[in-house]
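Working through the structure, step by step
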Amino acid sequence: MTTIDPVVLAVVKGRLEQVADEMDATLFRSAFNPIIAEAHDASHGLYHAETGETLVQGKSGLPVFVGAMSFAVKAVIDKSKTDNLRIKPGDLFIFNDPYDGGTHLSDFKLVRPIFRNGEIYCYIASVGHWHDVGGNVPGNYNPVATECYQEGMLIPPVHLYREGVLQDDIIAILQSNSRLPGSLYGDLNGQVSALELGATRLNSLLDEYGDETILSIMSELKASAAELMKSYISDLPEGCYAAEDWLDNDGIKDEALQICLKMSLRKGRMTLDFSGTSPACDGPVNISRATCIAACYVAL
């Protein structure tokens, strides 16, 4: 295995982070709605070509997306396998399904493959919280919803661009299901532009240092991050710890909901067990698996 020059490693690490940060800045400056432009309810990153694992994520977006977006990219990868969907250069996918690597219906994900020499090198992705995506109430926070369809439209992973060609019918469907179609269109274009800039910056970096060098550096960064986390966990005293908290109710039934966590630490490994938590409820306070894992990442 070739040893990576530590100076090159540090420089490329900074350049990769800058790619994600520039995508963040592009969307924040061009978004139509203040939830993205001011609250920064969005995120961008680079993801592994085969597993969808997070390689680099922008520092200005919401922390919860650090974990959730990996599941979103994996959803596109899995769809390409199970649905025999061949991913081609110029493709760009869009969706908001919270059970397909999502958070909630307002967060629309855009996933774009980066091709090098005819093969997928990695993915870049964008997520942004849109103003209104249908449902019973404007803004989509419906406190009496008992199913996700009452909160907004649900879009599975579909082509927004197919081999570089914009699918206008998809945009028509999205705009027809929003009370603010202009805001939706503006935010969508901001995300597309952010990914276009990200692709330009990443390809420039790859041309400068070479595909294999950058791939090796990505692997090294991933390995060092794993070792760093393991070292932090190893510093904690081994044992089993437990905590619980309560929600007053779910907005539908006046019954308290328990959140229970058992954390085990053994030989540098941490296990989080939520099995004592109340089951899924009728009201709109449930959480998808991807978001639960992402929330654990944020806490850690």
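Scroll up a little and you will see the structure.
Below is a summary of the structure that appears in this document. Model, not experiment: these values are computed from the prediction.

**Brief notes about the sheet that holds strand E7 (residues 165-166)**
The strand order across the open sheet formed by seven strands is E2-E1-E5-E4-E3-E6-E7, and the pairing between neighbours is antiparallel. Whereas interior strands pair on both sides, the edge strands pair on one side only; in this sheet they are strand E2 (54-57) and E7. Across three bridges, the pairing between strand E1 (residues 42-48) and E2 is antiparallel. Counterpart to Tyr-47 in the pairing with E2 is Thr-54. Each of strand E3 (92-95), strand E4 (107-116), strand E6 (158-162) and E7 touches helix H4 (residues 168-176); the most contacted strand, E6, lies at about 130° to it. Packed on one face of the sheet, helix H5 (residues 181-209) meets E1, E3, E4, strand E5 (119-129) and E6 and runs near 25° to E4.

**Here's the deal with the sheet that holds strand E9 (residues 257-266)**
Hydrogen bonds between backbone atoms are what pair the strands of a sheet, whose relative direction is either parallel or antiparallel. Sheet architecture is open: three strands sit in the order E8-E9-E10, paired in antiparallel fashion. Among the strands making up the open sheet, the edge pair consists of strand E8 (239-247) and strand E10 (269-273). The sheet shows a mean angle of 15° between the axes of neighbouring strands, taken without regard to direction. In terms of strand pairing, E8 meets E9 through nine bridges, oriented antiparallel.

**Remarks on unusual backbone geometry**
Phi at Asn-140 takes a positive value of approximately 80°, unusual for a residue other than glycine. We classify Asn-140 as buried; its relative accessible area is 5%. We note that Lys-267 has phi near 50°; this positive angle belongs to a residue other than glycine. Within the element layout of this structure, Lys-267 appears in the loop between E9 and E10. With relative accessibility at 64%, the residue Lys-267 sits in the exposed group.

**Structural notes on the packing of helix H1 (residues 6-30) against H5**
Packing of H1 against H5 leaves a shortest axis separation of 7 Å and a crossing angle of 160°. Accordingly, the angle class assigned to the pair H1 and H5 is roughly antiparallel. The two elements H1 and H5 meet at a crossing, and its hand is right-handed. When grouped by side-chain class, the residues that make up the contact of H1 with H5 number 13 nonpolar, seven polar and five charged.

**Structural notes on the environment of Ala-42**
Position of Ala-42 among the secondary structure elements: in strand E1. Judged by its relative accessible area of 0%, Ala-42 falls in the buried class. Each C-alpha atom, one on Ala-42 and one on His-129, is 6.3 Å from the other, the two residues being 87 residues apart in sequence. With near-sequence residues (within four places) excluded, Ala-42 lies in contact with Leu-27, Phe-28, Ile-36, Gly-61, Leu-62, Phe-65, Val-127 and Gly-128.

**A look at the pattern of salt bridges**
Here the structure, examined in full by the defined rule, presents 13 salt bridges. With its nearest N and O atoms 2.7 Å apart, the salt bridge here joins Glu-17 to Lys-13. In this pair, Glu-17 and Lys-13 both sit in helix H1, four residues apart, roughly one turn of the helix. Accessibility expressed as a relative area gives 36% for Lys-13, which makes it partly exposed. The partner of Asp-132 in a salt bridge is Arg-179, and the shortest N-O contact between them spans 2.9 Å. Here Asp-132, found in the loop between E5 and E6, pairs with Arg-179, found in the loop between H4 and H5; they are 47 residues apart in sequence, far enough to count as distant. Judged by relative accessible area, Asp-132 falls into the buried class, the value being 3%. By relative accessible area, which is 39% here, Arg-179 ends up partly exposed. Look at the salt bridges and you will find they share partners, linking Lys-13, Glu-17, Asp-21 and Lys-59 into a network.

So, how was this worked out
Residues numbered from 1 in each chain as written. Predicted model: local features only at pLDDT ≥ 70, side-chain atom pairs only at ≥ 80, totals over all residues. Heavy atoms only, no water. Pairing = 2+ DSSP bridges. Helix = DSSP H or I, 4+ residues; strand = E, 2+ residues; numbered from the N terminus. Contact = heavy atoms within 4.5 Å. Axes fitted to C-alpha atoms, helices over the stretch in contact; angles between N-to-C directions. Buried < 20%, exposed > 50% of the residue type's maximum accessible area, 1.4 Å probe, protein only. Parallel < 35°, antiparallel > 145°, perpendicular 65-115°, else oblique. Left-handed = near helix turned anticlockwise from the far one by under 90°. Nonpolar A, V, L, I, M, F, W, Y, C, P; charged D, E, K, R; others polar. Salt bridge = Lys/Arg side-chain N within 4 Å of Asp/Glu carboxyl O.

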